[in-house]
Amino acid sequence: MAFPAKYPQMNATELTDEARRVLIRVIRVAFPHPSFPDAPYERTADTILREAESSTWFRVALTQGLITLSHLAGGDFRTLNDEDGTKVLRRIETTEFFGFIRRTTVLNLYDNEDVWKILGYEGPSFDKGGYINRGFNDLDWLPEARIESYDGPEQLIEVATSASVAKIRGGENTPATERDTSNQPGKRDATMMEMTK
Amino acid sequence: MSTIEHDEAAIVIIGSGAGGGTLAYELTAKGLPVVVLEAGPYLRNEDYVNDEWEAFNQMAWLDPRTTSGSWRIARDFPNLPAWIVKAVGGTTTHWSGATPRFKAHEFAARSTYGRIDGANLLDWPITLAELAPYYDKAEIAMGSTHVHGRKPLPANNNYTVFANGAERLGYKFYSTGPYATNAEEYDGRPASIQDGFNFQGDKNKSKWSTLVREIPRAEATGLLDLRPDSHAVQITHDASGRADAVLYLDKDGNLQRQAARLVAVAANSIETPRLLLQSASPMFPDGLANSSGQVGRNYMRHTTGSVYARFNDPVRMHRGETMAGVIADESRHDPDRGFAGGYFLETISLGPAFLASFSDPGAWGRGFTEILEAYANTAGLWIVGEDLPQESNRVTLNTTLSDKNGLPVPNVHFDDHANDIAMREHGYAQAELLYEAVGSVGAQRTPPYPSTHNMGTSRMSARSEDGVVDKWGRAHDVPNLFISDGSVFTTSAAANPTLTIVALAIRQAEYIADQLKTGGI
């Protein structure tokens, strides 16, 4: 969406270095990972800034949002601790400004090797021969589980005997005229009462 | 590959996935030349990438769509109602592989469940007994494990958690399949290397898809004219009301016309009704083959949800076959649980990129990051169960929004039925109990993903006023028009739909070949 041309001066809005630093802090407060260094947050902030460059609407929303955030924070958002920062973000979580940051962060922060390693995800595996010889079954804190189909004495009861119309299941043994098979109001309206509330 | 002239009245199949790809192979194997129009590109196994978003952007159907209704998808992913593939091989190239059969009573949902308010239930015009021989053929073609002598896949870490939980919960009917991926070499394709990339296309060719089996075999007959990047936009008809051609856009956006003596539509359950609705004409004012008014209605997407549970010890769910773990105990119909129909529990795994996007859309803050922080110690499962057809759950043409070709985009309207919600809640609770039984320290209830199972929008019915096609998938209104995908499902059953789509397509091919021989079409 383009900002209305009636206000061309708004299109000139630009994000400062300070705005970038506030943005990095916003992302860390909203998506706190004590184990993450700064680099993934900086990378994500730069992605957001790049995306904002391509959309006047997002650029305006982002610029104004970061300024407003400082007002809500009583000065500088970066000076708030995690808990107070989170409170401020909760107040604005339904805004376009925060929604843009949240969406873009979710899509990008976790889509990079730098955080996969920390989280314990190993990335592409085909070129390494998959996991067939690299621990696909190395879980050792539970007993080995059966992989074959159950062959014990029990049968899966496909239709519980409590189902009142179970006897006409399949219908092959019932004359077609006595079956109630369509969506038209039928004689079995009283069945499945618990579902008709 | 053969070339069929545009003005030669051909058998034209629209779509190359589970339905269209299978039908193309079965017909060419019987000596019948076919044209296959595939909207997407011809991606090969070596083109696939082990990266969630990159693969998504490479394979997924990303043409604009809109949504409405009270389902959460309309809020979280308003332009992505379904997660399906646009490429040769269709959605079989990213499916996970679970192949349970439908149960006998699921073909008779109306007479088994009775009348349920708000549900447009109807019995299928076929029975399990009629389909059983084709289930056998489909399982053999797809190499389903656990049946016809195929070995089970080994347990991966996610399965070990899942199966131990199942056992402790008292479940009996769990195993690593049936699952259409080779545990050992079969049908000229190698055993799985457990690389963990199922939704991204299988580079190793261990997983069945029409890309690795039916399409190359149809090509080998010399009777297949496969046209990738060919997006069907209209089926035209002659003065007698018979389909006579398919109009499609080629790679460069030019409109082409392929004359047809028979048209089979297998474009998945959003595009199939869209194409029929786009084919409206003065003779078929409500859309082709829509005298019943049921085209686009009864859209089903299975009652789904996932649970991701955290443990104190490592699981590494991303290692290995994604869905090689199936529990069938809850797949029964037992109204005492508070809902009609049943559901399966199946293992599932996402990488951090997808887990972040799908585990709790819209969430942020510490509660959200804890899900990701626990990644290495997380196990996951998917609930997949029968959802009820509703007339108002519906694919329509959105006349206020058009795609890059100027065509109206499809709108998908969906409201959960009370039965769907009750089933999902039951599934969540059972899943949490299962994981608690093996020591979980927390669990995340994840809402349904954009729909991977899309069904019901051109349903099969005995009577022409109740549905769109007959028991062979032949349109009630147009004698040489067939529907060959999950759109024909009268009800959804609990099982993953691919096996049933393939079985129906094999059966339909026999019927078509027979009818062409005897002049019945």
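All of these numbers come straight from a predicted model, not from anything done at the bench. (Residues numbered from 1 in each chain as written. Chains lettered and ligands numbered in written order. Predicted model: local features only at pLDDT ≥ 70, side-chain atom pairs only at ≥ 80, totals over all residues. Heavy atoms only, no water.)

1. So, the overall build of chain A
At step 1: The secondary structure content of chain A amounts to six helices and zero strands.
At step 2: Of the regular secondary structure in chain A, the N- to C-terminal order runs α-α-α-α-α-α.
At step 3: Across the 197 residues in chain A, those meeting the buried criterion constitute 42%.
At step 4: When contacts within chain A are restricted to residue pairs at least 6 apart in sequence, those whose partners lie at least 24 apart make up 59%. (Helix = DSSP H or I, 4+ residues; strand = E, 2+ residues; numbered from the N terminus. Buried < 20%, exposed > 50% of the residue type's maximum accessible area, 1.4 Å probe, protein only. Contact = heavy atoms within 4.5 Å.)

2. As for the interface of chain A and chain B
The figure often quoted for interface size is the accessible area lost as the parts come together.
At step 1: Chain A puts 75 residues into the contact, and the matching count from chain B is 86 residues.
At step 2: Taken together, the connections running from chain A to chain B amount to three salt bridges.
At step 3: With its nearest N and O atoms 2.8 Å apart, the salt bridge here joins R319 of chain B to D138 of chain A.
At step 4: Remark: the boundary between chain A and chain B carries 30 residue pairs in polar contact (both at pLDDT 80 or more).
At step 5: Listing elements by their share of the side of chain A that touches chain B, those giving two or more residues are α4 (82–91), α5 (96–108) and α6 (113–119) of chain A. (Salt bridge = Lys/Arg side-chain N within 4 Å of Asp/Glu carboxyl O. Polar contact = N/O pair within 3.5 Å; in protein donor to acceptor, adjacent residues only side chain to side chain.)

3. Comments concerning the sheet that holds strand β10 (residues 326–327) of chain B
Residues and elements named next belong to chain B.
At step 1: Ordered in space as β4-β10-β11-β12-β9-β15, the six strands form an open sheet in which the pairing is antiparallel. Each end of this open sheet is capped by a strand with a single partner; those strands are β4 (174–175) and β15 (442–446).
At step 2: Across the sheet, helix α11 (residues 418–436) touches β9 (303–310), β10, β11 (343–347), β12 (378–385) and β15, and the angle it forms with β9 is around 20 degrees. (Pairing = 2+ DSSP bridges. Axes fitted to C-alpha atoms, helices over the stretch in contact; angles between N-to-C directions.)

4. Some details on the pattern of salt bridges
At step 1: Scanning the model with the defined rule gives 36 salt bridges over all chains in all.
At step 2: Note that R213 of chain B and D187 of chain B form a salt bridge whose closest N and O atoms lie 3.0 Å from each other. Taken together, the residues R213 of chain B in the loop between β4 and α7 (214–220) and D187 of chain B in the loop between β4 and α7 connect sequence positions 26 residues apart.
At step 3: A residue is classified by how much of its surface remains accessible, and R213 of chain B, at 11% relative accessible area, is buried.
At step 4: Accessibility expressed as a relative area gives 27% for D187 of chain B, which makes it partly exposed.
At step 5: Residue R274 of chain B is joined to D403 of chain B by a salt bridge in which the shortest nitrogen-to-oxygen separation is 3.0 Å. Separated by 129 residues along the polypeptide, R274 of chain B in helix α8 (residues 268–278) and D403 of chain B in the loop between β13 (394–402) and β14 (408–413) bring together distant segments of the chain. In this pair, the class of R274 of chain B matches that of D403 of chain B, namely buried.
At step 6: Several salt bridges share partner residues, and in doing so they unite E122 and D138 of chain A together with R316 and R319 of chain B into one network.

5. Quick notes on the sheet that holds strand β3 (residues 66–68) of chain B
All names here are of chain B.
At step 1: Taken together, three strands build an open sheet; the order of strands is β3-β14-β13 and the sheet is mixed. Of all the strands in the sheet, just β3 and β13 have a single pairing partner and so form its edges. Here the strands of the sheet are splayed against their neighbours by 35 degrees on average, with no regard to which way each runs.
At step 2: Here β3 runs beside β14; their pairing, made up of three bridges, is parallel.

6. Remarks on the packing of aromatic side chains
Residues and elements named next belong to chain B.
At step 1: Applying the stated criterion to the full structure yields 33 aromatic pairs over all chains.
At step 2: Here F77 and F358 contribute two aromatic rings whose centre-to-centre distance is 5.2 Å and whose plane-to-plane angle is 40 degrees, an arrangement assigned as tilted. Here F358 lies in helix α9 (residues 352–358) and F77 lies in the loop between α3 (73–76) and α4 (109–113), a separation of 281 residues in the sequence. As far as burial versus exposure is concerned, F77 and F358 are alike and both buried.
At step 3: Seen in terms of ring centroids, W124 and F489 are 5.4 Å apart; in terms of plane orientation they differ by 50 degrees. Their pairing is tilted. One end of the pair, W124, is in the loop between α4 and α5 (128–142); the other, F489, is in the loop between β16 (481–483) and α12 (498–518), with 365 residues separating them in the sequence. Neither W124 nor F489 differs from the other in exposure class; each is buried.
At step 4: Counting every residue linked through ring pairs, the aromatic cluster contains W53, F56, F77, W83, F199, F354, F358 and Y449. (Phe/Tyr/Trp six-rings, centres within 6.5 Å; stacked < 30°, edge-to-face > 60°.)

7. Regarding the side chain of E106 of chain B
At step 1: In this fold, E106 of chain B is placed in the loop between α3 and α4.
At step 2: Among all residues touching E106 of chain B, those that are not within four sequence positions of it are Y113, W124, S331, E386, T491, A493 and A494 of chain B.

8. What to know about the confidence of the model for chain A
All names here are of chain A.
At step 1: Per-residue pLDDT for chain A has a mean of 82; in total, 76% of the residues score no lower than 70.
At step 2: Per-element confidence in chain A is highest for α6, whose mean pLDDT is 97, and lowest for helix α3 (residues 56–72), whose mean pLDDT is 89.
At step 3: pLDDT under 50 marks residues 1–12. Its contacts with residues more than four places away, or in other chains, come to ten contacts.
At step 4: Counted against residues more than four places away or in other chains, residues 184–197, with its pLDDT under 50, gives 35 contacts. (pLDDT = per-residue confidence, 0-100.)

9. What to know about the packing of helix α6 (residues 157–169) of chain B against α11 of chain B
Residues and elements named next belong to chain B.
At step 1: Relative to each other, α6 and α11 sit at 100 degrees, their axes nearing to 7 Å. Considering the angle they form, α6 stands roughly perpendicular to α11. Contacts between α6 and α11 involve V161, F162, G165, A166 and L169 on the former and, on the latter, Q430, L433, L434 and Y435.
At step 2: For the contact of α6 with α11, a count of residues per class yields seven nonpolar, two polar and no charged. (Parallel < 35°, antiparallel > 145°, perpendicular 65-115°, else oblique. Nonpolar A, V, L, I, M, F, W, Y, C, P; charged D, E, K, R; others polar.)

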